[in-house]
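The residues making up each chain are set out below.
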Amino acid sequence: MKLRINNTPKFLWFSLIWINGVVPVFISIIYPRSYNASSFVTFLEQGFEFSQWFARIVNILIFLLCIIVCLFAISRWGILRYRLLLLGGVIVLFVGIAFSSVFGQYPKISIGYLTSIMLLFTALVMPEVDYKWLVDQIKIVLLIYIWGTLLSIIIVPEWSIEFPYYQGYLPWLQIRLHGLTTHAIMTATLAWFYVTLEIAFPSKSIFHLISLFLAVLIIFLCQAKTMLFLLLLTLVFFFYFYFVKKPTFNKLIVFVWGLLIFICLQFLLLILSDTSLIESGFLELDIESIYSLTGRTKVWSIVLDIFKQNPLFGYGPHL
């Protein structure tokens, strides 16, 4: 069905998905980033201030757009009862971030955080549309990031790829792909989201099959351990679902799932089963950092101690 202005629910969803899906690409592109020897993304001073202001203005405009869409949707279609509980949780989250931004130990307004919550609220008050159409729109936007990341590797590899990178899984893979977003974890998350949607709602075309394998490759190159583990869980879940819940399944789809699961399992086994590999090749990291989620547990401990200093409103949104 062609999109028309008079088909208001679809038009609202289309505007929301495409504006919020594509605009961040331009924000990422204008950030003058580079990589330092400590394997951290750094942003060059030249042009950084302009990039920050551009991002703030875009976030404010998206925030205002969400408010307008929310008011229009609620006034015309109301709120579906089964969404009220979720909306309550989102409101609590929004109020918590807002109060922390104003009354926290180090107050600072973070329009980016507030806009993210506002987007979630807007999606929950939007009218229902055909879910297959909705999924197709989301997949198209995700494909922009996937194929855009591939193009960035070819056109501007020094901007897209962090090299050398010594904190990855394998000693011979000393790169980390950041791609078309501001960080590798975000790129890997979008790639995982596409894999999930494509497996749950297969497009049955060669292009999407290639995109599926490209998305998996991107997750590997991003070297995001959490997303790799989540990818494996996703593949196992859908593989099980097809065998148990759907007796007449598409053999090609099952073969692709099985192949992807096999690749992920082999990769994880290679990492986890060879102690000498961990000790000698893992980025010159100590074993403790590996078993503490690459230091995340230490970070969480520090954050908890800081939060205890101001348990009512917290530290602020920029810890």
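Now for a look at the structure at hand. Everything quoted here is computed from the prediction, not taken from an experiment.

Thresholds, definitions, all that
Position labels on residues start from 1 in each chain and follow its written sequence. Whole-chain, interface and lining totals are the exception, using all residues; otherwise, since this is a predicted model, local features are given only for residues with pLDDT of at least 70 and side-chain atom pairs are given and counted only at 80 or more. Derived side-chain values reflect all non-hydrogen atoms in the structure, with water molecules and hydrogen atoms excluded from consideration. Numbering goes from the N terminus for both helices and strands, where a helix is a DSSP run of H or I of at least four residues and a strand is a run of E of at least two. Contacts were defined at the residue level, with two residues in contact if any of their heavy atoms lie within 4.5 Å. Per-residue accessibility takes into account occlusion by the displayed protein chains alone, with areas from the Shrake-Rupley method and a 1.4 Å probe. Two joining distances apply to patches: 9 Å for like charges and 5 Å for nonpolar side chains (Val, Leu, Ile, Met, Phe, Trp, Tyr), and every residue must have over 30% relative accessible area and no salt bridge. The salt bridge definition used is simple: a Lys or Arg side-chain nitrogen within 4 Å of an Asp or Glu carboxyl oxygen. Axis lines are fitted to C-alpha atoms, over the contacting stretch for helices. Their N-to-C directions set the angle, which ranges from 0 to 180 degrees. Angle categories are assigned with fixed cut-offs, so that under 35 degrees is roughly parallel, over 145 is roughly antiparallel, 65 to 115 is roughly perpendicular, and the rest are oblique. Crossings are sorted by hand: turned counterclockwise from the far helix by less than a right angle, the near helix makes the crossing left-handed, and turned clockwise it makes it right-handed. Only Asp, Glu, Lys and Arg are considered charged, only Ala, Val, Leu, Ile, Met, Phe, Trp, Tyr, Cys and Pro nonpolar, and every remaining residue, Gly among them, polar. For Phe, Tyr and Trp, where Trp contributes only its six-membered ring, two rings pair if their centres lie within 6.5 Å, and the inter-plane angle classes them as stacked under 30 degrees, edge-to-face over 60, or tilted in between. For every residue, the accessible area (1.4 Å probe, protein chains only) is compared with the maximum for its type, and the residue is labelled buried under 20%, exposed over 50%, or partly exposed between those bounds. Nonpolar core, defined: a set of buried Ala, Val, Leu, Ile, Met, Phe, Trp, Tyr and Cys residues in which side-chain atoms within 4.5 Å join the residues together.

Of regular secondary structure, the protein chain possesses 13 helices and four strands. A sequence separation of at least 24 residues applies to 69% of the contacts in the protein chain between residues at least 6 apart. Accessible area of the protein chain: about 18,500 Å², with a carbon and sulfur share of 72%.

As a further point, take the side chain of His 208. One can find His 208 in helix 8 (residues 206–222). Other than its neighbours up to four places away in sequence, His 208 contacts Leu 143, Tyr 194, Glu 198 and Ser 203.

Next up on the list: a nonpolar patch on the surface. A cluster of nonpolar side chains, Ile 91, Val 95, Phe 99, Val 102, Phe 103 and Ile 109, forms an exposed patch at the surface whose accessible area comes to about 540 Å². Residue position: Phe 103 is located in helix 3 (residues 84–103).

Two numbers describe how helix 7 (residues 184–200) lies on helix 8: the axes approach to 9 Å, and their chain directions differ by 150°. By the criterion of interaxial angle, the relationship of helix 7 to helix 8 is roughly antiparallel. The handedness of the crossing between helix 7 and helix 8 is left-handed. Every residue of helix 8 that contacts helix 7 at Ala 184, Thr 187, Ala 188, Ala 191, Trp 192, Tyr 194, Val 195, Glu 198 and Ile 199 is listed here: His 208, Ser 211, Leu 212, Ala 215, Val 216, Ile 218, Ile 219 and Cys 222. A per-class count over the contact of helix 7 with helix 8 returns 13 nonpolar, three polar and one charged.

Bringing the packing of aromatic side chains into the picture now. Counted under the stated rule, the structure contains seven aromatic pairs. On the numbers, 5.6 Å between centres and 40° between planes, the contact of Phe 99 with Phe 103 is tilted. With Phe 99 and Phe 103 both in helix 3, this residue pair falls four residues apart, about one helical turn. Given a relative accessible area of 45%, Phe 103 falls into the partly exposed group. Judged by centre distance (5.7 Å) and plane angle (55°), the rings of Tyr 131 and Phe 201 are tilted. Pair noted here: Tyr 131 is in helix 5 (residues 131–155) and Phe 201 is in the loop between helix 7 and helix 8, with a separation of 70 residues, a long-range link. According to the relative accessible area criterion, Phe 201 is partly exposed, its value standing at 32%.

Moving on, we come to the packing of helix 3 against helix 4 (residues 111–125). Between helix 3 and helix 4, the least distance of the axes is 10 Å, while the angle of their chain directions is 165°. By the angle class used here, helix 3 and helix 4 are roughly antiparallel. Our pair here, helix 3 against helix 4, has a crossing hand that is left-handed. In this structure, helix 3 contributes Leu 86, Leu 87, Val 90, Ile 91, Leu 93, Phe 94, Ile 97 and Ala 98 to the contact, and helix 4 contributes Tyr 113, Leu 114, Ile 117, Leu 120, Phe 121, Leu 124 and Val 125. The class makeup of the residues in the contact of helix 3 with helix 4 is 15 nonpolar, no polar and no charged.

A few words on the environment of Gly 21. When you line up the elements, Gly 21 lands in helix 1 (residues 8–30). Residue Gly 21 is classed as buried on the basis of its relative accessible area, which comes to 11%. Along the chain, Gly 21 and Val 141 lie 120 residues apart, while their C-alpha atoms are 6.1 Å from each other. Setting aside residues up to four positions removed in sequence, Gly 21 forms contacts with Leu 16, Val 141 and Tyr 145.

Tracing the backbone shows Ile 185 in helix 7. Spatially, the C-alpha atoms of Ile 185 and Ile 219 are 8.7 Å apart, while their sequence positions differ by 34 residues.

Residues Trp 13, Met 118, Phe 121, Met 126 and Leu 134 are the most contacted members of the largest nonpolar core, which totals 30 residues. Residue assignment for this core shows that the elements contributing at least two residues are helix 1, helix 2 (48–77), helix 3, helix 4 and helix 5. By residue number, the principal contributor to this core is helix 2, which donates seven residues. Residue contacts for Met 118: discarding those within four places in its chain leaves Phe 63, Cys 66, Ile 67 and Cys 70. Grouped together as the second largest cluster of nonpolar side chains are 28 residues, Leu 197, Ala 215, Ile 218 and Ile 219 included.

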